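Chain by chain, the residues:
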Amino acid sequence: MNDNLLTTAEDIRSTALRTMEGSIVLPRLALDLTADVKVQLWSSDGQPLGNAEQLDPVLTGIGLGAEDLGMTSAEYHNAMFEGSNYRVLIYPLLVQPENRLVGYLQLARSME
């Protein structure tokens, strides 16, 4: 399950576009290919990004913890939301070569 989450995160990251202002844009197609993996994009200060119909209710419900902010390597944890268990990956989005954190991908897959 960890490999599936990591592969999905890397596939999405590889399609990301960096704007002139330095923000990251994910093409809609990248998010449509995630199948049974839930995906949420977060700002570097922990705010969910996207309009209301793009926000995943499970991942916004699980949220991004204060302990996740500032991390520069991927981390996994388990979370429960509305009685269901999820395996969650927090994947930092870093701009190279300065290694600047611009946001996070949060991915989750049901463990049931």
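Because the structure is a prediction, the values reported are computed rather than measured.

Turning our attention to the nonpolar core. Ranked by internal contacts, the top residues of the largest apolar core, which has 13 residues, are Val39, Leu89, Tyr91, Leu93, Leu105 and Leu107. Only α1 (2-15), β3 (38-43), β5 (84-95) and β6 (100-110) provide two or more residues apiece to this core. Broken down by element, the residue count for this core peaks at 4 residues, all from β5.

Checked against the element boundaries, Ala74 lands in the loop between α3 (57-62) and β4 (75-81). Overall, Ala74 belongs to the partly exposed group, its relative accessible area being 36%. Sequence separation between Ala74 and Tyr104 is 30 residues; the distance between their C-alpha atoms is 9.5 Å. When sequence neighbours within four positions are dropped, the list of residues in contact with Ala74 reads Leu89, Ile90, Tyr91 and Pro92.

This part takes up the sheet that holds β4. The antiparallel open sheet is built from 4 strands, whose spatial order is β3-β6-β5-β4. Of all the strands in the sheet, just β3 and β4 have a single pairing partner and so form its edges. For this sheet the average axis-to-axis angle between neighbouring strands, irrespective of direction, equals 30°. As defined by bridge partners, β5 adjoins β6 across 10 bridges and the pair is classed as antiparallel. Paired with Tyr91 across the two strands is Leu105, which belongs to β6. Strands β3, β4, β5 and β6 of the sheet are contacted by α1, whose axis makes an angle of about 35° with β5.

Reading the values: the criteria
Residues numbered from 1 in each chain as written. Predicted model: local features only at pLDDT ≥ 70, side-chain atom pairs only at ≥ 80, totals over all residues. Heavy atoms only, no water. Core = buried A, V, L, I, M, F, W, Y, C linked by side-chain atoms within 4.5 Å. Buried < 20%, exposed > 50% of the residue type's maximum accessible area, 1.4 Å probe, protein only. Helix = DSSP H or I, 4+ residues; strand = E, 2+ residues; numbered from the N terminus. Contact = heavy atoms within 4.5 Å. Pairing = 2+ DSSP bridges. Axes fitted to C-alpha atoms, helices over the stretch in contact; angles between N-to-C directions.

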